[in-house]
Protein chains: 2
Amino acid sequence: MRDVAENAQLALLLEVSGTPKPGNVDRHHEYDDLRFEHFMAGAVGALDGLREAADGASVGRAFRVAIEGMSHQSGGNTQFGALLMLTPLVRAAASDQLDSEGTRAVVEATTVEDACDFYRAFDHVDVAVDEPPEGMDALDVRRGSDAVDTLRERELTLSDVMERSADRDGVAAEWVNGFDRSFEAATWLANGAGPVTDRASRVFLRLLAEEPDAFVMTRNGEAAAEEATERAQAVLVGREDADDLAAEFVERDINPGTTADLTAAALFIALERGLEV
Amino acid sequence: MRDVAENAQLALLLEVSGTPKPGNVDRHHEYDDLRFEHFMAGAVGALDGLREAADGASVGRAFRVAIEGMSHQSGGNTQFGALLMLTPLVRAAASDQLDSEGTRAVVEATTVEDACDFYRAFDHVDVAVDEPPEGMDALDVRRGSDAVDTLRERELTLSDVMERSADRDGVAAEWVNGFDRSFEAATWLANGAGPVTDRASRVFLRLLAEEPDAFVMTRNGEAAAEEATERAQAVLVGREDADDLAAEFVERDINPGTTADLTAAALFIALERGLEV
């Protein structure tokens, strides 16, 4: 059967295949400059890094390799956040401890070198991020590898870096909280019915309905993030049509990318636990 | 950038992402028991075999490994024919001779052991094939590995096996004809405009319009195969709508699988020659 790295690659492919996921690129929706084919190429390119993670490379290095591979397509950032979720999960799975405790152990074991590699990954792709907090300019992730000296001076591990972003970045929040939302969403996938891509769409909507998306917050502002969550709730209770909402959000460029990252993580966990495709 | 095996995997993913490809599973069309997600999992599983081909394993062995990996999903045969096209093309590309002459050299170099591995691949998946010709029962591919002794007694190489099927199997025809249609279709892809998946859809229609699909011939009969070709011609001249035709063919279970295999081969060649995604 598929090994750990292959399940992670498949999770990336199934995530973008699930439709509708309002505002995301999915099988039926794309943006002119960020298309379905870019996600296919991103998933192909990411495998080497995922395999390094499965084979015991440090999380930072494996992530950087995955991002470099992902970036070999012309759409730009396709799966940065998803890979930031998957890399520690793959490490935990490869150690036969794919649970909250296992991921906490992976996160706690990260080093300053992992943080440096995390920053280096930003050299390969433009990622939409918030302005850094007051006094943190030297650690703006957009500095990429230029921030390495500062990381070393301040002796910041990748876990430290994630802690500092956890209040405004949904992926970082998972890193510090034992991937709780990802594990919960994986049980929704396992308990769902029908094709896996339909389950992925449903899980995406539940996650979005549960909490405002951090990526929308960054790119479109708080009001848009709250609206996205309210309208996902409306879809779940049948007051709105998911396909209509998807068309509208693509039109308005409201792309709940963090929720997609969580969905990819949940798919990986579910596949590792035996979800059949 | 992507290596040869990765381009082959990406070709599989882009092929099924191209839409509409009337009658095929594609991004917007699927069958209840053969779904888009099965093709994603098939492409993930096939990579190991494609990598073996790129690394110099014998074509038969690499193909068998690719099919075994592809089969780890519940949809059944997703990419058997596409992988039968891609394996020798990957070998030719890995030898820096991805052209008609290079593929002929790969095909001519196949051995009896390659033929045995080809038959063994049928153990992993049910493939819709014609009844064998008179007197060829012992070499019915559906016998799978049970045919190995006969292959050895008759000293048949994989090239010999393909020659015997070339008149009724479009993939085998490419094997014996230097992959001429695949290379031609690759130039159509390269010269096309717009997203790669749109080009793939167009190339599929041109290939189908050019020649009746052997897989439709086998499963639905000659009249259906001729109709499919005529209606693809009608789409190309604007007399029919491709999306309507796609819906109708899925409904009637007319699936031009050989044409999809050719499209995957053409995508691989075009990617190797620098087609940007």
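Coordinates for the structure precede this section.
Presented here is a report on the structure given in the accompanying data block.

What to know about the interface of chain B and chain A
Note: interface size is frequently given as the accessible area lost on complex formation between the parts. Contacts between chain B and chain A engage 28 residues on the former and 28 residues on the latter. Counting the surface chain B buries against chain A, the share from its top three residues, B:Arg27, B:Glu37 and B:Val44, is 24%. A:Arg27 is the salt-bridge partner of B:Glu30, the closest N and O atoms lying 3.4 Å from each other. In this assembly, chain B and chain A are joined by 13 residue pairs in polar contact (both at pLDDT 80 or more). For the side of chain B that touches chain A, the secondary-structure elements that each account for two or more residues are α1 (4-17), α2 (36-54) and α11 (196-210) of chain B. A total of eight residues in the side of chain B that touches chain A trace back to one element, the largest contributor, which is α2(B).

A word on the nonpolar core
Of all hydrophobic cores here, the largest spans 170 residues; its most connected members are A:Leu83, A:Phe118, A:Phe268, B:Leu83, B:Phe118 and B:Phe268. Once residues within four sequence positions are removed from consideration, A:Phe118 is found in contact with A:Phe63, A:Phe80, A:Leu84, A:Val141, A:Leu158, A:Val161 and A:Met162.

Things to note about the packing of helix α2 (residues 36-54) of chain A against α1(B)
Relative orientation and spacing of two packed helices are given, respectively, by the angle between their axes and the distance between those axes. Contact geometry of α2(A) with α1(B) gives a least axis separation of 10 Å together with a crossing angle of 155°. Considering their axes alone, α2(A) and α1(B) lie roughly antiparallel with respect to each other. Where α2(A) crosses over α1(B), the handedness of that crossing is right-handed. Where α2(A) approaches α1(B), its residues A:Phe36, A:Glu37, A:Met40, A:Ala41, A:Val44 and A:Asp48 are matched on the opposing element by B:Glu6, B:Gln9, B:Leu10, B:Leu13, B:Leu14 and B:Ser17.

Description of the packing of aromatic side chains
This model, assessed by the stated rule, comprises twelve aromatic pairs over all chains. Taking the centre distance of 5.1 Å and the plane angle of 90° together, the rings of B:Phe118 and B:Phe122 count as edge-to-face. A single burial state applies to B:Phe118 and to B:Phe122, both of which are buried. An aromatic cluster of at least three residues, connected via ring pairs, comprises A:Phe63, A:Phe80, A:Phe118, A:Tyr119 and A:Phe122. The ring of A:Trp188 has A:Arg206 lying over it, and the distance from NZ or CZ to the ring centre is 3.8 Å.

Thoughts on the environment of B:Ser58
Residues and elements named next belong to chain B. Tracing the backbone shows Ser58 in the loop between α2 and α3 (59-70). Separated by 51 residues in sequence, Ser58 and Ala109 have C-alpha atoms that sit 9.3 Å apart. For Ser58, the residues in contact, after removing those within four places along its chain, are Arg91 and Asp114. Within the structure, Ser58 has its side chain in polar contact with the side chain of Asp114 (distance 3.3 Å).

Details of the pattern of salt bridges
When the charged atoms of two side chains with opposite charge come close together, those side chains can pair. Residue and element names in this part refer to chain A. A full pass over the atoms with the stated rule returns 40 salt bridges over all chains. Notably, a salt bridge pairs Arg51 with Asp3, separated by 2.9 Å at the nearest N-O pair. On the criterion of sequence distance, the pair formed by Arg51 in helix α2 and Asp3 in the segment before α1 (4-17) is long-range, its members being 48 residues apart. Note on Arg51: relative accessible area 24%, which makes it partly exposed.

Describing the relation of the copies chain B and chain A
Mapping chain B onto chain A leaves a residual RMSD of 0.0 Å; the transformation is a rotation of 180° accompanied by 0.0 Å of translation along its axis. What the superposition gives is, in effect, a two-fold axis relating one chain to the other. The position closest to the rotation axis in chain B is occupied by the C-alpha of B:Arg27, lying 2.9 Å away. Interface residue correspondence from chain B to chain A reaches 100%, placing this contact among same-surface, isologous pairings.

The rules we used
- Residues numbered from 1 in each chain as written.
- Chains lettered and ligands numbered in written order.
- Predicted model: local features only at pLDDT ≥ 70, side-chain atom pairs only at ≥ 80, totals over all residues.
- Heavy atoms only, no water.
- Contact = heavy atoms within 4.5 Å.
- Buried area = accessible area lost by both parts, 1.4 Å probe.
- Salt bridge = Lys/Arg side-chain N within 4 Å of Asp/Glu carboxyl O.
- Polar contact = N/O pair within 3.5 Å; in protein donor to acceptor, adjacent residues only side chain to side chain.
- Helix = DSSP H or I, 4+ residues; strand = E, 2+ residues; numbered from the N terminus.
- Core = buried A, V, L, I, M, F, W, Y, C linked by side-chain atoms within 4.5 Å.
- Buried < 20%, exposed > 50% of the residue type's maximum accessible area, 1.4 Å probe, protein only.
- Axes fitted to C-alpha atoms, helices over the stretch in contact; angles between N-to-C directions.
- Parallel < 35°, antiparallel > 145°, perpendicular 65-115°, else oblique.
- Left-handed = near helix turned anticlockwise from the far one by under 90°.
- Phe/Tyr/Trp six-rings, centres within 6.5 Å; stacked < 30°, edge-to-face > 60°.
- Lys NZ or Arg CZ within 6 Å of the ring centre and 35° of its normal.
- Least-squares fit on C-alpha atoms with pLDDT ≥ 70 in both.

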